[in-house]
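Structural description and commentary
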Amino acid sequence: MSSSPAPDAVERWLRRFHAPPRRPAARLVCLPHAGGSAGFFFPFSQALAGDLDVLAVQYPGRLERHHEPPLTDIAELTGQVVAALTSAAGADGLPLALFGHSMGALIAYEVAGELQDRGTPVRALFVSGRRAAGCPDDIEPLHTLDDDAVVAELRAMDGTEDELLSDPDMLRMILPAVRADYRAVANYRYRPRPRLSSPVVALTGDSDARVSLEQAAAWADHTTGPHELRVFPGGHFYLASSPQQSAVTALLRSRLVGGHADAVPL
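Residues numbered from 1 in each chain as written. Predicted model: local features only at pLDDT ≥ 70, side-chain atom pairs only at ≥ 80, totals over all residues. Heavy atoms only, no water.

Looking at unusual backbone geometry
Negative phi values dominate among residues other than glycine, just as trans dominates among peptide bonds. Put simply, the rule is: For every residue, the accessible area obtained with a 1.4 Å probe (protein chains only) is divided by the maximum for its type, and the residue is called buried under 20%, exposed over 50%, and partly exposed between those limits. Secondary structure elements are taken from DSSP: a helix is a run of H or I of four residues or more, a strand is a run of E of two residues or more, and numbering for both begins at the N terminus.
For Leu 63, which is not glycine, the phi torsion reads 50° and is therefore positive. Owing to a relative accessible area of 45%, Leu 63 belongs among the partly exposed residues under this scheme. Within the chain, Ser 102 stands out as a residue other than glycine whose phi angle is a positive 55°. Summarising the element assignment, Ser 102 is placed in the loop between β4 (96-101) and α4 (103-117). Since its relative accessible area comes to 12%, Ser 102 is described here as buried.

Here you go:
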């Protein structure tokens, strides 16, 4: 693990788009996909700010952190996120939940494991758009592709605005971070560790070409606690559509705020 970030660096790692309620039910930390930024979760924050303290992770190498070199190692990203969360949480005692999409799901899983090792298991782990850690990954290493092929892949996944992919200046800004993230995912090697005690909820699109239902369901093998699989209409970026965002934020509210008969016991 890398060393803890300096206090001023904590603010670079975490974004709070909306003021939390006076007494939030929990703190929800959202981790973006490869090439993604904290702003991807702005709609989540907007929908949940009345109940939860919502934070989103901003990785280096994008937007206002574009001057910082992107990281190419999941373990280093994990260490930095753990350090930022530990510093930010302080002693307020709020339960912590994690939501990660695609690459963010891997980091969220590793963060949850590290926090459990430290004696502070998370309230719940939500892993979206990612085959379970330890499942064989037979996808071509995307960081080895040329720029045109990377752009074609981004278009195919339908998770990046077409205007960005058609702007040469924007591409020069975003491609280094995309490649770094792809390298981090390609180089990730699952290390068996004690199962989480936290509930794990896996979410996936029913037509995601990168994640089968069996691979998403295999997240159940990583917890001794409650687990469930939720399937939504759409592909790898099912989360990008407003109807699915509404469905997912409703699920998060039901699981973290409580009072719903179908909720996984947390």
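Notes on the confidence of the model for the protein
Convention followed: What pLDDT reports is the predictor's confidence in each residue, on a scale of 0 through 100. Every residue pair with non-hydrogen atoms within 4.5 Å of one another is taken to be in contact.
Averaged over the protein, the pLDDT score is 87; the fraction of residues at 70 or greater is 85%. Taken as a whole, residues 1-7 scores under 50 in pLDDT and shows 13 contacts with residues more than four places along the chain or in a different chain. Below pLDDT 50 for its whole length, residues 259-266 participates in 15 contacts with residues either more than four positions away or in separate chains.

Looking at the pattern of salt bridges
Operational definition: Put simply, a salt bridge is a Lys or Arg side-chain nitrogen that is within 4 Å of an Asp or Glu carboxyl oxygen.
Considering all chains together, one arrives at 12 salt bridges under this definition. Salt-bridge contacts for Glu 68 lead to Arg 12; the nearest nitrogen and oxygen are separated by 3.0 Å. In this pair, Glu 68 is assigned in the loop between β3 (53-57) and α3 (74-89) and Arg 12 in helix α1 (residues 7-13), connecting sequence segments 56 residues apart. Under the relative-accessibility criterion, Glu 68 is labelled buried at 13%. Look at the salt bridges and you will find they share partners, linking Glu 110, Asp 117, Arg 191 and Arg 193 into a network.

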